[in-house]
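# A structural walkthrough
If you want the building blocks of each chain, they are given just below.
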Number of protein chains: 2
Amino acid sequence: MRLSCRLPSIRFLPSYTRRIHHVHRNNSEMSTVNKSAHPFDKAQLEALLSRRFFYAPAFEIYGGVAGLYDYGPPGSALQANIISEWRKHFIVEESMLELDTTIMTPAPVFETSGHVARFADWMVKDTKTGDVLRADHLVKNVLSARLADDKEVRLGAQQPVDPAAAKKKKKDKTPPKVALDPAVAKEYEVILAQLDNYSGPELGELCKKYNIRNPDTDNEVGEPQLFNLMFASSIGPTGQHPGYLRPETAQGHFLNFSRLYDFNNGRVPFASAQIGRSFRNEISPRAGLLRVREFTMAEIEHYVDPEDKSHVRFKEVRDVILVLLDRHVQASGSTRVVDMTVGEAVDKGIIANETLGYFMARIYQFLLKIGINRSRLRFRQHMGNEMAHYATDCWDAEIENSTGWTECVGCADRAAYDLSVHSKKTGHPLVVRQYLKEPIVTEKLVGDLNKKLVGKSFKQDAGVLTKHIESLDESELLKLKEDLSKGNVKIETSEGMSFELSPEFLSIERKTFKQSIREYTPNVIEPSFGLGRILYTLLEHNFWSREQDKERGVLSLPALVAPTKVLIVPLSSREEFDPIVAEISAKLRRAGVFSRVDDSNVSIGRRYARNDELGTPYGITVDFASVQNRTVTLRERDTMDQRIGSIDEVIAAVTDLVEGSIEWPEACQKLPAYDGVQAVD
Amino acid sequence: MRLSCRLPSIRFLPSYTRRIHHVHRNNSEMSTVNKSAHPFDKAQLEALLSRRFFYAPAFEIYGGVAGLYDYGPPGSALQANIISEWRKHFIVEESMLELDTTIMTPAPVFETSGHVARFADWMVKDTKTGDVLRADHLVKNVLSARLADDKEVRLGAQQPVDPAAAKKKKKDKTPPKVALDPAVAKEYEVILAQLDNYSGPELGELCKKYNIRNPDTDNEVGEPQLFNLMFASSIGPTGQHPGYLRPETAQGHFLNFSRLYDFNNGRVPFASAQIGRSFRNEISPRAGLLRVREFTMAEIEHYVDPEDKSHVRFKEVRDVILVLLDRHVQASGSTRVVDMTVGEAVDKGIIANETLGYFMARIYQFLLKIGINRSRLRFRQHMGNEMAHYATDCWDAEIENSTGWTECVGCADRAAYDLSVHSKKTGHPLVVRQYLKEPIVTEKLVGDLNKKLVGKSFKQDAGVLTKHIESLDESELLKLKEDLSKGNVKIETSEGMSFELSPEFLSIERKTFKQSIREYTPNVIEPSFGLGRILYTLLEHNFWSREQDKERGVLSLPALVAPTKVLIVPLSSREEFDPIVAEISAKLRRAGVFSRVDDSNVSIGRRYARNDELGTPYGITVDFASVQNRTVTLRERDTMDQRIGSIDEVIAAVTDLVEGSIEWPEACQKLPAYDGVQAVD
């Protein structure tokens, strides 16, 4: 994650079009479902997420607090499943060292890391009400709105309105829409493409130049001021130890570097990983899960030799094609992306090194696996001013959603910044010591003082002389050697002392040095995931509604992350179904498939509709045939197909489906279609 | 967890004896290992935990902060495995509703819950240095030390020392050990058994009466003062919204009660569950993981009908035998425990209800499953003053360790306290509405005012009269009815107004009411787990050292929670072993068994010793025979037994062992003993 929290530059989409990726990799005729029949309806999705308690404003009954959300049962389960897959995909797959470090952090740590001075956003105050706004968001919102108005006016073929006349109408609640001078519109577009690159004072200038005011009050705003985004507290009963809640988990990794390095038996490269809560006291968060004050992150710190950032598994991802938006394109005021293999991007120097490229490809694979739409995912490189103070290169995985493109994963090369500053501050070396098979042999000129003589002659000043001689470089020593060969030499030190030396005081000779250990501060490549943002965009990408029933929302979450994998539905609450329901539950539990029973007193159709909203991919119905013949039906969420089979056949099929070893069409080959009279939808 | 953080009463053990439970349920001759050869050495365990980075002081290179710890790779994995089993044992098994709510909480929530006023400990200040001490800990430590000295002096057959003479020696670093008057010693013991029951002022009295001083300085201490244990912060850029870091996850459950109740289709009982971080600003924590300022909890809030606290699955646990220490025994100054089935304890009213008893039994089963020693586990009931303000009954699962008995799980009946206060404060009903099959029919006397007449006669005062009539109880209405039957009546309201009513103004009749919905605030049974405390006591219970090598520590963690299940050890770093190592890794990963490879450049013996310290239960050695015959050896950690088999046989056996479907003796029946010449230990 970046130190600066500013939003990525926004890309204007013509009009929002819904594109859902296909859940089934091998789409057969059978499983083709038209999921794009209706335009995406954000209000409908939000109503669903609230009704089914995916998440809700925290402290809702107390009126809520902006930027704080609670996850209910389906949201918690979805998050836990994403985390579980993240652990497998990254930690287990690459034997990373997992950590769990504290959130509460004493102030000196963040003073050293630079967060106390620089982890801040620019805010402006309404000059009359004192309301606080984020400066870059204000500029973005006002200019975007003017561009949108301009477009609407032009499409409506209206004549440009006289700005003076418009100003007179200021007291109206809704100001009239104004067309822009085409040159001005172009200026706005360039500003928006580069928005993340402006400093605070520059944002202030923009507000003045373009008369940008608080849209809620139409009042002017003051000069931008820095606001530190860390929550402050104090540790212990005396109040003498200031602390902050961490805004990222990264510092907890860096401070433990020596222990991790030992644990890894002194080998490099290796990675540490941590999943945990972080906090950012955002100025005025209004974007749901996309901008919150408390959030769960998953961070990897991969330690590499600064002189060798190759990756041993790079060949496995070389051919992965990514969508890239590099810094040069953005600097030119454009947001045009290119498709390119990771291999080519590294070869061409667009991505700085193999390790960075490797992780970008792995991030891409992870996001697709959990259900992010490939066509709405891009990697955007940070521009110079936008980059956090510690980073040398940074690419964000951005996911498109109804608010635009949102940074969901950052992938930064933090170089040696963090380890160096903590090491310097604490005096604790955070370094790698590499035993060299071939020692490095070097020769250099060395000045050797006759200690006995020097001590006797200069007494307490001998140290100053020694230090001075040690500080001399090759050419200075050469000059001194030459001078000494001619007789006594007078030496002036930087402390203003002078020493007269005869040749017997000092011999200057070329000596050979053998270095068998190379000591270096490793560089750090950091993939950093905002899990809440991924979770929200995943919900948007997988939401649609049925052609035949616009009101009925469906969440086509992959089984891998779906909160519940199988819903067990007894036809009614008659007791004779209980043993079969219990048997199926127990067998699924043994197979490691998470199921729930819904035996509530509503129709089967309503129960399935509820579970379509919860994203449950499969349903098993228990009816009278189950009691008589031990058969049950299996329903697939997206197609609403129903198949029939024995209890054990259906459990076997559903286990394979959930584990991903077969797809729905293959399940259909094993289980005949259900042609029962009983309508379940 | 209790609102009061005071330690449970301490039980004095003769001298610390090591008792390890057996990891294998069916102990055969083969797997019998003498794990109690050496007395428990706490310093040795702590050195191991630090060396292997189970956990370490957070911000160690900055000098650390008391009460904050970071978990390294084995500690994180152990914690994750405990959590994973907790999820299965509680959440999945009982279809609990999982939540993930925020840590940052606006102040009004904790004002309502009582935490702002009462979540506090008593602290005393050293009158000269200003050092802060927890009052109850001070009393405990000083009196315990005096009792220990007394015992030592008596055992040493020394004569009691004159206290006046002892006082003169005050300036010695170590004051002389003094024998106590037997009556005084008895007083100390009674105080210690009831320590959790003293109020702050009472603790102050004890300090004065027994001349209890700061042991570090021998200075007197001041009057006890309350110190609130919540970390304070503020939310948003203006600093106008004070907030606290939650000291428990519970409030996040309660505030979401209505949403959870809806999610559960309006059925009660049900439970919510949450695993997450909480914070308590402890006064001066010095007990390692047993008392920390930031910790991971797992909490269940089980909502029940206050009139029916039976549990549908109680019969499954009725015969579980628990070790109980009830409040009456403690009040009598004793710590004598009894063994009793949960069924009997509930029947006798020792445990208040079935649901509380059910969870105590489930907690007991969980703790044994992850490796806690049965003989060092007891349930202690809270005494009256000790109980948190919200609780009506509370039992702590206490685990014995080198510091005494430590509360690790609290199991409280919070009654309707929390839901009621939040409901009252916010006006949002947090209730259950139960549709009654048989409506409750009640009759009562009702006063019916003739509205038209009343309005006409009393105009704006009519409301006061209506309110007055509504407030009358049965007997008052009866009296009024009688009076009215005799003619006009003069009525005086509490506002001091008077009304003269004739009989036609008011008719008082008996009416029938039918109630088809019963509305009630559910009661809450709360099992609350401190995971760090469980983790630490688990490490103590499973640590021992080999008879033949005292320096070699072993952690006999059950495979269920062991950080790594299998260590793969190639004989040397020769490349020919690589494909077999890769094959075994891949096959174990596919079987869901977490393994690590140790191919570091040290002897196999040293690598196994390292993994004994990490608690890795099984090791697979790859040697030249593996390349030639595809055989590998399997080593068991506790016995150091070695068996041999084909790669697939060994993987199958180890998978069964890790899943718990077979024990080591059964594995030995399948795999012959390894009689190779190569010594691996």
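Every value quoted in this text rests on a predicted model; they were computed, and no experiment measured them.

### Here we look at the overall build of chain A
- Broken down by element type, chain A carries 24 helices and 28 strands.
- Taken over the C-alpha atoms alone, chain A extends approximately 115 × 75 × 55 Å along its principal axes.
- Per-residue burial over chain A gives 56% buried out of 681 residues.
- Accessible surface computed for chain A: about 29,400 Å², of which carbon and sulfur atoms make up 51%.
- Across chain A, the 89 positively charged side chains and the 95 negatively charged ones have centroids separated by 2 Å.

### Thoughts on the sheet that holds strand 26 (residues 618-622) of chain A
Residue and element names in this part refer to chain A.
- Read across the sheet, 5 strands follow the order 25-24-26-27-28 without closing on themselves; strand pairing throughout is mixed. Each edge of the open sheet carries a strand with a single partner, namely strand 25 (595-597) and strand 28 (642-646). Here the average twist between neighbouring strands, direction ignored, is 25°.
- Sheet topology places strand 24 (residues 566-570) next to strand 26; 5 bridges connect them, and they run parallel. Residue pairing for strand 26: Ile 568 is matched across the bridge by Ile 620.

### Regarding the UniProt feature "domain: Aminoacyl-transfer RNA synthetases class-II family profile" (unreviewed entry) in chain A
- UniProt's feature table lists "domain: Aminoacyl-transfer RNA synthetases class-II family profile" (unreviewed entry) at residues 202-570 of chain A, given in the numbering used throughout.
- Between the C-alpha atoms that bound residues 202-570 of chain A there is a distance of 65 Å. The span itself is 28% helix and 36% strand.

### A closer look at the sheet that holds strand 6 (residues 132-134) of chain A
Residue and element names in this part refer to chain A.
- As summarised here, the arrangement of the 3 strands in space is 6-5-7, forming an open sheet in which the pairing is antiparallel. Lying at the two open borders of the sheet, with one neighbouring strand each, are strand 6 and strand 7 (225-228). Going from strand to strand, the sheet's axes swing by 50° on average, the running direction of each strand aside.
- Strand direction decides the pairing type here: strand 5 (residues 120-125) and strand 6, joined by 3 bridges, are antiparallel. Of the residues in strand 6, the one forming a bridge with Met 123 is Arg 134.
- Set on the sheet, helix 5 (residues 135-155) makes contact with strand 5 and strand 6; between it and strand 6 the angle comes to about 75°.

### Observations concerning the interface of chain A and chain B
- Between chain A and chain B, the contact holds 79 residues from the first and 80 residues from the second.
- Three residues, A:Ile61, A:Tyr62 and A:Arg259, lead the burial of chain A against chain B; their summed loss comes to 13% of the area buried on that side.
- Taken together, the connections running from chain A to chain B amount to 8 salt bridges.
- Between B:Asp100 and A:Arg277 there is a salt bridge, and its shortest N-O distance comes to 2.5 Å.
- Across the chain A-chain B interface, the total number found is 38 residue pairs in polar contact (both at pLDDT 80 or more).
- Among the elements that make up the side of chain A that touches chain B, the one with the highest residue count is helix 2 (residues 73-92) of chain A (7 residues).
- Split into classes, the residues belonging to the side of chain A that touches chain B amount to 38 nonpolar, 22 polar and 19 charged.

### A short note on helix 20 (residues 578-590) of chain A
Residues and elements named next belong to chain A.
- If you check helix 20, its first and last C-alpha atoms are 18 Å apart, about what 13 residues at 1.5 Å a residue would give, namely 18 Å.
- All of the buried residues in helix 20 are Ile 580, Val 581, Ile 584, Ser 585 and Leu 588. The buried residues of helix 20 occupy an angular sector of 135° when projected down its axis, which confines them to one face. Facing away from the buried side of helix 20 by over 90 degrees, the exposed positions are Pro 579 and Arg 590.
- Considering only its buried residues, helix 20 is in contact with strand 24, strand 25, strand 26, helix 22 (624-629), strand 27 (631-636) and helix 23 (647-659).
- At the C-terminal side of helix 20, Gly 592 shows a positive phi close to 80°.

### Concerning the packing of aromatic side chains
- The full count for this structure, using the stated rule, is 40 aromatic pairs over all chains.
- Relative to A:Tyr303, the ring of A:Phe270 has its centre 5.0 Å away and its plane inclined at 35°; by these criteria the two rings are tilted. Placement of the pair is A:Phe270 in strand 10 (residues 270-279) and A:Tyr303 in strand 11 (residues 294-304), with a sequence separation of 33 residues.
- Chaining the aromatic ring pairs together yields one cluster made of A:Trp86, A:Phe90, A:Phe366 and A:Phe529.
- Over the aromatic face of A:Phe53 sits the side chain of B:Arg259, whose NZ or CZ is 5.4 Å from the ring centroid.

### Structural notes on the domain arrangement of chain A
- Considered domain by domain, chain A is made up of domain 1 (18-35 + 556-680), domain 2 (84-110 + 246-419 + 523-532), domain 3 (120-228) and domain 4 (438-520).
- Of note, the centres of domain 1 of chain A and domain 4 of chain A, computed from C-alpha atoms alone, are 84 Å apart.

### As for the packing of helix 2 of chain A against helix 14 (residues 354-370) of chain A
Residues and elements named next belong to chain A.
- Look at helix 2 against helix 14: their axes get within 11 Å of each other, and the N-to-C directions meet at 145°. Here the hand of the crossing between helix 2 and helix 14 comes out right-handed. Each of Ile 82, Glu 85, Trp 86, His 89 and Phe 90 in helix 2 lies in contact with helix 14, whose residues at this interface are Arg 362, Ile 363, Gln 365, Phe 366, Lys 369 and Ile 370.
- A per-class count over the contact of helix 2 with helix 14 returns 6 nonpolar, 2 polar and 3 charged.

### Remarks on the packing of helix 5 (residues 135-155) of chain B against helix 7 (residues 182-193) of chain B
Residues and elements named next belong to chain B.
- Across the interface, helix 5 lies against helix 7 with an axial gap of 10 Å and an inter-helix angle of 140°. Between helix 5 and helix 7, the angle is such that the two are oblique. Relative to helix 7, helix 5 is oriented so that their crossing is left-handed. Contacts between helix 5 and helix 7 involve Val 139, Lys 140, Leu 143, Ser 144, Arg 146, Leu 147, Asp 150 and Arg 154 on the former and, on the latter, Pro 182, Ala 185, Tyr 188, Glu 189, Ile 191 and Leu 192.
- Split by residue class, the contact of helix 5 with helix 7 holds 8 nonpolar, 1 polar and 5 charged.

### Quick look at the relation of the copies chain A and chain B
- Take chain A, turn it by 180°, move it 0.0 Å along the axis, and it overlays chain B with an RMSD of 0.1 Å. The relationship between the two copies is best expressed as a two-fold rotation axis. No C-alpha of chain A lies nearer the rotation axis than that of A:Ser233, which sits 2.6 Å from it.

### Quick notes on the pattern of salt bridges
- All chains considered together, the criterion is met by 98 salt bridges over all chains.
- Two residues, A:Lys670 and A:Asp656, come together in a salt bridge whose shortest N-O distance is 4.0 Å. Remark: A:Asp656 occurs in helix 23 and A:Lys670 occurs in helix 24 (residues 664-670); sequence separation between them is 14 residues.
- The salt bridge partner of B:Arg318 is B:Asp347, with a shortest N-O separation of 3.3 Å. Of this pair, B:Arg318 sits in the loop between helix 11 (314-317) and strand 12 (321-325) while B:Asp347 sits in helix 13 (residues 342-347), and the two are 29 residues apart along the sequence.
- Judged by relative accessible area, which is 31%, B:Arg318 ranks as partly exposed.
- Overall, B:Asp347 belongs to the exposed group, its relative accessible area being 56%.
- Shared partners join several salt bridges into a network, and the residues in it are A:Asp121, A:Arg134, A:Asp136, A:Glu282 and A:Arg291.

### Concerning the pairing of strand 28 (residues 642-646) of chain B
Residue and element names in this part refer to chain B.
- Here strand 27 (residues 631-636) pairs with strand 28 via 5 bridges, running antiparallel. Within strand 28, the position partnered with Thr 631 by the bridge is Ser 646.
- With antiparallel pairing between neighbouring strands as the criterion, strand 27 and strand 28 make up a hairpin whose turn holds 5 residues, including Met 640 at a positive phi of roughly 60°.

### Quick notes on the pairing of strand 16 (residues 404-415) of chain A
All names here are of chain A.
- Judged by how many residues are buried, strand 16 sits mostly within the fold: 12 of 12 residues are covered.
- Judged from the 9 bridges that link them, strand 15 (residues 393-401) and strand 16 form a sheet pairing that is antiparallel. Residue pairing in the sheet places Glu 400 in a bridge with Trp 405 of strand 16.
- Direction of pairing for strand 16 relative to strand 21 (residues 523-530): antiparallel, over a ladder of 6 bridges. By the bridge assignment for strand 21, Gly 410 is matched with Ser 528.

### A short note on helix 2 of chain A
- Compared with an ideal rise of 1.5 Å per residue, which puts 20 residues at 28 Å, helix 2 of chain A spans 26 Å between its outermost C-alpha atoms and is within 8% of the ideal.
- Summarising burial for helix 2 of chain A: 15 of the 20 residues are buried, a large majority.

### Notes on unusual backbone geometry
Residue and element names in this part refer to chain A.
- Of the consecutive residues Val 268 and Pro 269, the connecting peptide bond is found in the cis state with omega at 5°.
- Secondary-structure assignment places Pro 269 in the loop between helix 10 (257-263) and strand 10.
- Of note in the backbone geometry, Phe 53 takes a positive phi value of approximately 55° without being a glycine.
- Mapped onto the fold, Phe 53 is located in the loop between helix 1 (42-51) and strand 1 (55-57).

Rules behind the numbers
Residues numbered from 1 in each chain as written. Chains lettered and ligands numbered in written order. Predicted model: local features only at pLDDT ≥ 70, side-chain atom pairs only at ≥ 80, totals over all residues. Heavy atoms only, no water. Helix = DSSP H or I, 4+ residues; strand = E, 2+ residues; numbered from the N terminus. Buried < 20%, exposed > 50% of the residue type's maximum accessible area, 1.4 Å probe, protein only. Areas by Shrake-Rupley, 256 points an atom, 1.4 Å probe, with all protein chains shown as cover. Lys, Arg positive; Asp, Glu negative; His and termini not counted. Charge placed at Lys NZ, Arg CZ, Asp CG, Glu CD. Pairing = 2+ DSSP bridges. Axes fitted to C-alpha atoms, helices over the stretch in contact; angles between N-to-C directions. UniProt positions renumbered as here; feature names shortened; annotations may be inferred. Contact = heavy atoms within 4.5 Å. Buried area = accessible area lost by both parts, 1.4 Å probe. Salt bridge = Lys/Arg side-chain N within 4 Å of Asp/Glu carboxyl O. Polar contact = N/O pair within 3.5 Å; in protein donor to acceptor, adjacent residues only side chain to side chain. Nonpolar A, V, L, I, M, F, W, Y, C, P; charged D, E, K, R; others polar. Expected span 1.5 Å × (residues − 1). Arc of directions from axis to C-beta. Phe/Tyr/Trp six-rings, centres within 6.5 Å; stacked < 30°, edge-to-face > 60°. Lys NZ or Arg CZ within 6 Å of the ring centre and 35° of its normal. Domains from an automatic or database assignment. Left-handed = near helix turned anticlockwise from the far one by under 90°. Parallel < 35°, antiparallel > 145°, perpendicular 65-115°, else oblique. Least-squares fit on C-alpha atoms with pLDDT ≥ 70 in both.

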